[in-house]
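Summary of the model geometry
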Amino acid sequence: MAITIDEATLESQIYDLIVLASTDLSPDVVRSIEEAQKHEDDGTPAKSVLGMLLRNVDAARENRTPICQDTGTNIYHVHYPAGQSTLQLRKIIERATERATEESILRPNAVDPVSGKNSGNNLGTENPFMHFEEWEEERLKIDLMLKGGGCENVSGQYKLPDSDLDAGRDLNGVYKVVVDAVNSAQGLGCAPGIIGVGIGGDRATSHLTAKKQLFRNLDDSNPEPELAEMETRLYKDLNSLGIGPMGFGGKTTVLGVKIGTAHRVPASYFVSIAYMCWAYRRHSLTIENGEVIYD
Amino acid sequence: MTELRLPTSEEVVRKLKVGDEVHIFGTMITARDAAHKFLIEERPDFIRPYLENSLIYHCGPVVKKKNGTWSFVAAGPTTSIREEPYEGPVMKEYNVRGVIGKGGMGDKTLEALHDQGGVYLHAIGGLASLLAQSVKEVKEVFMLEEFGVPEAMWVIEVENFPAVVTMDSHRKSIHTEVKSKSTEQAQRLIHPVT
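For every chain, the first residue of the written sequence is number 1, and numbering continues from 1 along that sequence. Chain letters start at A and ligand numbers start at 1, both assigned in the order the entries are written. Local features in this predicted model are restricted to residues of pLDDT 70 or higher, and side-chain atom pairs are both shown and tallied only at a pLDDT of 80 or more, whereas totals for entire chains, interfaces and linings draw on every residue. Side-chain measures were taken over the full set of non-hydrogen atoms in the model, leaving aside hydrogen atoms and water.

This part takes up the overall build of chain A. Assigned secondary structure in chain A consists of 8 helices and 9 strands. Here the C-alpha atoms of chain A give a radius of gyration of 19 Å, agreeing with the 19 Å that 2.2 N^0.38 yields for 295 residues. Burial classes follow relative accessibility: with a 1.4 Å probe on protein chains only, a residue under 20% of its type's maximum area counts as buried, one over 50% as exposed, and anything between as partly exposed. Out of the 295 residues in chain A, the part that is buried amounts to 59%. Two residues form a contact once any of their heavy atoms are found within 4.5 Å. Residue pairs at least 24 apart in sequence account for 78% of intrachain contacts in chain A once pairs closer than 6 positions are excluded. In these tables, accessible area is a Shrake-Rupley quantity obtained with a 1.4 Å probe, and a residue counts as shielded only by the protein chains included in the view. Put simply, chain A shows about 12300 Å² of open surface, and 49% of that area lies on carbon and sulfur atoms. Positive charges come from Lys and Arg, negative ones from Asp and Glu, while His and the chain ends are left out of the count. A single reference atom marks each charge: NZ on Lys, CZ on Arg, CG on Asp, CD on Glu. Charged side chains in chain A number 29 positive and 43 negative. The centres of these two groups are separated by 4 Å. The helix count covers DSSP runs of H or I at least four residues long, the strand count covers runs of E at least two residues long, and both are numbered beginning at the N terminus. Radius of gyration: C-alpha atoms only; globule rule: 2.2 Å multiplied by the number of residues to the exponent 0.38.

Below, the discussion takes up the overall build of chain B. Looking only at helices and strands, chain B has 8 helices and 9 strands in total. Relative to a compact globule of 194 residues, whose C-alpha radius of gyration would be 16 Å, chain B shows 17 Å and is just as compact. Taking the principal axes of its C-alpha atoms as reference, chain B extends roughly 70 × 35 × 30 Å. Per-residue burial over chain B gives 59% buried out of 194 residues.

So, about the interface of chain B and chain A. Every contact between the two is made by 43 residues of chain B and, on the other side, 43 residues of chain A. Interface of chain B and chain A: buried area, both sides summed, is about 3400 Å²; carbon and sulfur atoms make up 60% of it. A simple way to read buried area is as the amount of 1.4 Å-probe accessible surface that goes missing from two parts once joined, with both sides added. Taken as a group, Ile124, Leu189 and Ile190 of chain B account for 17% of the area that chain B buries against chain A, more than any other trio of residues on that side. Any carboxyl oxygen of Asp or Glu within 4 Å of a side-chain nitrogen of Lys or Arg constitutes a salt bridge here. Counting across the interface, chain B meets chain A through 0 salt bridges. As used in this structure description, the phrase polar contact means that two N or O atoms lie within 3.5 Å; if the pair is within protein, one of them must be able to donate a hydrogen and the other to accept it, and residues adjacent in sequence are counted only when both atoms belong to side chains. The interface formed by chain B and chain A contains 19 residue pairs in polar contact (both at pLDDT 80 or more). For the side of chain B that touches chain A, the elements supplying multiple residues, two or more each, are strand 4 (62–66), strand 5 (69–74), helix 6 (128–134), helix 7 (144–147), strand 9 (153–167) and helix 8 (174–190) of chain B. Looking at the side of chain B that touches chain A element by element, the count peaks at 9 residues for helix 8 of chain B. In terms of residue class, the side of chain B that touches chain A is built from 20 nonpolar, 16 polar and 7 charged. Polar here means any residue outside two lists: the nonpolar Ala, Val, Leu, Ile, Met, Phe, Trp, Tyr, Cys and Pro, and the charged Asp, Glu, Lys and Arg; Gly therefore counts as polar.

Residue and element names in this part refer to chain A. Note that leucine 165 resides in the loop between strand 4 (156–159) and helix 6 (171–185). Take leucine 165: its relative accessible area is 8%, and that puts it in the buried class. In the structure, leucine 165 is positioned 12 residues away from valine 177 in sequence and 7.2 Å away in space, judged by C-alpha atoms.

Now for the pattern of salt bridges. Close approach of charged atoms lets side chains of opposite charge pair. All names here are of chain A. Evaluated as defined, the whole model comprises 32 salt bridges over all chains. Where aspartate 219 meets arginine 31, a salt bridge forms, and the shortest distance between an N and an O atom there is 2.8 Å. Here arginine 31 lies in helix 2 (residues 27–39) and aspartate 219 lies in the loop between helix 7 (203–213) and helix 8 (225–238), a separation of 188 residues in the sequence. In this structure aspartate 219 comes out as exposed when scored by relative accessible area, which is 53%. Across the salt bridge formed by glutamate 152 and lysine 147, the nearest N and O atoms sit 2.6 Å from each other.

Turning to the sheet that holds strand 2 (residues 129–135) of chain A, a few remarks are in order. Residue and element names in this part refer to chain A. Whether two strands pair comes down to DSSP finding at least two bridges between them. Strand order in the open sheet formed by 5 strands is 2-1-3-8-9, with mixed pairing between adjacent strands. Each edge of the sheet is formed by a strand with only one pairing partner; in this case those strands are strand 2 and strand 9 (291–294). For this sheet, the mean inter-axis angle between neighbouring strands, taken without regard to orientation, is 15°. Two elements, strand 3 (residues 140–147) and strand 8 (residues 281–288), share 7 bridges in a ladder whose sense is antiparallel. Its bridge partner being in strand 8, isoleucine 142 is matched across the sheet by leucine 285. Fitted lines through C-alpha atoms serve as axes, helices being fitted only where they are in contact, and the angles separating the N-to-C directions of these axes extend from 0 to 180 degrees.

This part covers the packing of aromatic side chains. Geometry of aromatic contacts follows a simple scheme: Phe, Tyr and Trp rings, the Trp one being its six-membered ring, pair when their centres are within 6.5 Å, and the pair is stacked under 30 degrees between planes, edge-to-face over 60, tilted otherwise. Scanning the entire structure with this criterion turns up 8 aromatic pairs over all chains. Each ring, one from tyrosine 80 of chain A and one from phenylalanine 132 of chain A, has its centre 6.2 Å from the other, and the planes form 75°; the classification is edge-to-face. Here tyrosine 80 of chain A, found in strand 1 (residues 73–81), pairs with phenylalanine 132 of chain A, found in strand 2; they are 52 residues apart in sequence, far enough to count as distant. Here the two residues tyrosine 80 of chain A and phenylalanine 132 of chain A agree in accessibility, since each one is buried. Judged by centre distance (5.2 Å) and plane angle (80°), the rings of tryptophan 70 of chain B and tryptophan 154 of chain B are edge-to-face. With tryptophan 70 of chain B in strand 5 and tryptophan 154 of chain B in strand 9, this pair connects stretches of sequence that are 84 residues apart. Tryptophan 154 of chain B gets classed as buried once you look at its relative accessible area, which sits at 0%.

Residue and element names in this part refer to chain A. Cis peptide bonds are those with omega within 30 degrees of zero, and the linkage from asparagine 127 to proline 128 qualifies with -15°. Structurally, proline 128 is set in the loop between helix 4 (86–102) and strand 2. Note the cis peptide between alanine 191 and proline 192, where omega equals 0°. With respect to the helices and strands, proline 192 occurs in the loop between helix 6 and strand 5 (193–200).

What follows covers helix 1 (residues 7–23) of chain A. Residues and elements named next belong to chain A. For helix 1, with 17 residues, the first-to-last C-alpha span of 24 Å sits near the 24 Å given by 1.5 Å per residue. Restricting attention to buried positions, one finds in helix 1 the residues Leu10, Glu11, Gln13, Ile14, Tyr15, Leu17, Ile18, Val19, Ala21, Ser22 and Thr23. The inward-facing, buried residues of helix 1 abut helix 3 (45–63), strand 1, helix 4, strand 3, strand 8 and strand 9. By this rule the span expected of a helix is its residue count minus one, scaled by 1.5 Å.

From the geometry alone we can't say anything about function, so treat these as descriptive.
Shown next as structure tokens:
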């Protein structure tokens, strides 16, 4: 059973979701930056940078302006009840996107790679990016993440085995490539970063798996014990690299590591790393029985 | 804390050292990917007075137009390393005194800062709301139609714009120092001695 949609209402609800995602951070993210700030030594650039980030989050919330000017690729993961028209949802999301761009909540970020022309309204081929998944529940859940170009540029993919890194086709090999990826990124992805890891799949699903991890709560624990252990180990060891906020040095290089898997063909063993900047903008909208929840 | 007033001079900039925190006052101009390519390939004369003894800000802002006047809504730095092939030649050609961006730049730019008397200033990535408040006025915009909002060249008046010197004219770079230490640690983690 599809839920009944009033297009104008849903458009304005999605617009509100975009405003929330662009101008506010989730409580788990704010908390983790506050915690990180407490752990940095007094008088260091690391401590003062983290303090400025928190002030910036407050200012963005108060002024209703984007936390970061790079409002990024808009990534939607939409879960919908059976029978819902995804084409209809797509069009509504596009209209809300145009409106948010007109009102300077989003920066016009869709550039045609051949002509170099900016479309001016954030619409274009695969823009915004939407991933639709039907589920058995009677609710519509729209997750939105704004992912800036800086952190996307330092994201990457490895193919195991990797002889330079002594990385075999197992979890220890995964550990090694993640350390290498985060060390290579330095401060370029706007550290402290949040690391989504996708193990397995083909090239495309591996990246998708990595990006899906970024929708998880920073405080959760992986239901798979081996992966939970790896997440904890990587979190601790990556923070021993000393890269620190913005790459100025310090104890906080990452705020979290989240790992997911996808089955692979025997010949391939991909590990994808989705690096997300500290401006970890993700929020969701759920509609069920006429009730609307923003999270 | 050092105040850096624009336009500045080679003498002032050569005194700046890695680790110095500066607050910037005056007129500077944004330029990023499309603009750097344009500056090198087209060598436009109209832009020279704006770059002379001033700073280039690697920034693609969110802007608003109200009653015919532009303002900056969000304006943090973008990643600088993409301009590595262009920056040295741009600084020399237009007598630029420095660059504001994030993430640092490479050896070619470090060498240009040394030769030219220039400095790399690191602004805080993602500090868009606070930095936009430092932009007091948008004086002009060039190449808006051709490049679009993020890549146009915005001439801005800033006040109290905070940044840290992370590369100076004495061939020092915080970025190389941090990377060399973190790489040692990464090697220990990746290739543990058993």
